[in-house]
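Okay, here's what each chain looks like letter by letter:
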Amino acid sequence: MRKERPNSFVIAEAGKCIGCKACELACFAVHNRDNGVAAAVGTVTMPVIPRLYVIRTDSFTMPVQCRHCENAPCAGVCPVQAIVQEEGAITIDEDRCIGCKACAMACPFGAISLYKAYSSGQEHKQPHLREQLNGRLERKTRVIAYKCDLCHDIASDGNTASGEIAGAGAVNNSGSLTEGGGGPVPACASVCPEQALTLVSPSFGASRSRKAAGLRL
Ligand code: SF4
Ligand code: SF4
């Protein structure tokens, strides 16, 4: 019987991260080609919305992003089943999302943020809900949940994020972590100048060294 493998995810090493935010920009660029981003310099007409967030403390900087939980709390609370598991990644169907924020409250890592939705570089307006703007009632912009999808949508277009943004991949291969399942390296890991981000795919099988350690007990 074929063993399912746990979801892949990206980990960050705080000791290597220099806080340059190249990962945030690469993430924004590859996820917004439909919005005209990266077509040419100076054409960005929407706010930069990344799906990972570089946090800064007095002593370190480090990107934080979705861990692609096996029993994803965000999916469990979504009232419209907008969050699903697809080919080893937890993804959000942006068309289904109603912006209720339940997933953002349920995520233990703070990996989900709510922002305006954009189509073809324009704010995506709601058909029914209106708001008071400049003294007039205008159609309200949709707000939806955004989070890391391991560049899943880009891969399913037949492209690889790494191929479009930069060459080198960053796949770890130590202990029980095995190479990234043959999938593309997410854009963030691909562009990081310090190789601080790594795509890993955990294996259910215990590593040889852990088995040996267990037998010695
Ligand atoms: S968004 Fe949060 S809760 Fe959902 S899979 Fe990612 S880390 Fe887990
Ligand atoms: S904000 Fe969207 S994805 Fe999150 S729980 Fe609500 S409907 Fe589901």
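Everything that follows concerns the structure shown earlier in this document.
Everything quoted here is computed from the prediction, not taken from an experiment.

Visitor: Help me understand a negative patch on the surface in this model?
Guide: On the surface, a cluster of negative charge is contributed by E86, E87, D93 and D95. According to the relative accessible area criterion, E87 is exposed, its value standing at 75%.

Visitor: Please explain the environment of D95 as it appears in this structure.
Guide: Here D95 lies in the loop between β5 (89-92) and α3 (102-106). The exposed category is assigned to D95, whose relative accessible area is 69%.

Visitor: Can you help me understand the site of ligand 1 in this one?
Guide: In the neighbourhood of ligand 1, the contacting residues comprise C66, R67, H68, C69, A72, P73, C74, C107, P108, F109, I112 and K147. Looking at side-chain class alone, the shell around ligand 1 contains nine nonpolar, one polar and two charged residues.

Visitor: When you look at helix α1 (residues 22-31) in this model, what are you seeing that I'm missing?
Guide: Residues lying three or four places apart along an α-helix face the same way, a consequence of the helix completing one turn every 3.6 residues. Taken across its ten residues, α1 has eight buried, putting it largely inside the fold. Of the positions making up α1, those classed as buried are C23, E24, A26, C27, F28, A29, V30 and H31.

Visitor: So what exactly am I meant to see when it comes to the site of ligand 2 here?
Guide: If you check the shell around ligand 2, you find C78, P79, V80, A82, I83, C97, I98, G99, C100, K101, A102 and C103 and nothing else. Per-class residue counts for the shell around ligand 2 are ten nonpolar, one polar and one charged.

Visitor: For this particular structure, what's the right way to read the state of the cysteines?
Guide: Each disulfide is one covalent bond, formed between the sulfur atoms of two cysteines. Scanning the model with the defined rule gives zero disulfides in all. No disulfide involves C20; its sulfur sits 6.1 Å from that of C192, the nearest cysteine. Residue C20 is classed as partly exposed on the basis of its relative accessible area of 44%.

Visitor: Even after reading the chapter, I still don't get the environment of E87, so can you show me in this structure?
Guide: Along the chain, the position of E87 falls in the loop between β4 (83-86) and β5. Separated by 65 residues in the primary sequence, E87 and H152 have C-alpha atoms spaced 8.3 Å apart.

Visitor: Sorry, what's going on with the side chain of T141 here?
Guide: Take T141: it is sitting in strand β10 (residues 136-141). The class for T141 is buried, based on a relative accessible area of 5%. Side-chain polar atoms of T141 contact the side chain of E123, separated by 2.6 Å. At 3.0 Å, the side chain of T141 and the side chain of K125 are in polar contact. Residues contacting T141, with those up to four places away along its chain left out, are K116, A117, E123, H124, K125, Q126 and E131.

Analysis parameters
Residues numbered from 1 in each chain as written. Chains lettered and ligands numbered in written order. Predicted model: local features only at pLDDT ≥ 70, side-chain atom pairs only at ≥ 80, totals over all residues. Heavy atoms only, no water. Patch = residues over 30% accessible without salt bridge, like charges linked within 9 Å, V, L, I, M, F, W, Y side chains within 5 Å. Areas by Shrake-Rupley, 256 points an atom, 1.4 Å probe, with all protein chains shown as cover. Salt bridge = Lys/Arg side-chain N within 4 Å of Asp/Glu carboxyl O. Lys, Arg positive; Asp, Glu negative; His and termini not counted. Charge placed at Lys NZ, Arg CZ, Asp CG, Glu CD. Buried < 20%, exposed > 50% of the residue type's maximum accessible area, 1.4 Å probe, protein only. Helix = DSSP H or I, 4+ residues; strand = E, 2+ residues; numbered from the N terminus. Near = heavy atom within 4 Å. Nonpolar A, V, L, I, M, F, W, Y, C, P; charged D, E, K, R; others polar. Disulfide = S-S within 2.5 Å. Polar contact = N/O pair within 3.5 Å; in protein donor to acceptor, adjacent residues only side chain to side chain. Contact = heavy atoms within 4.5 Å.

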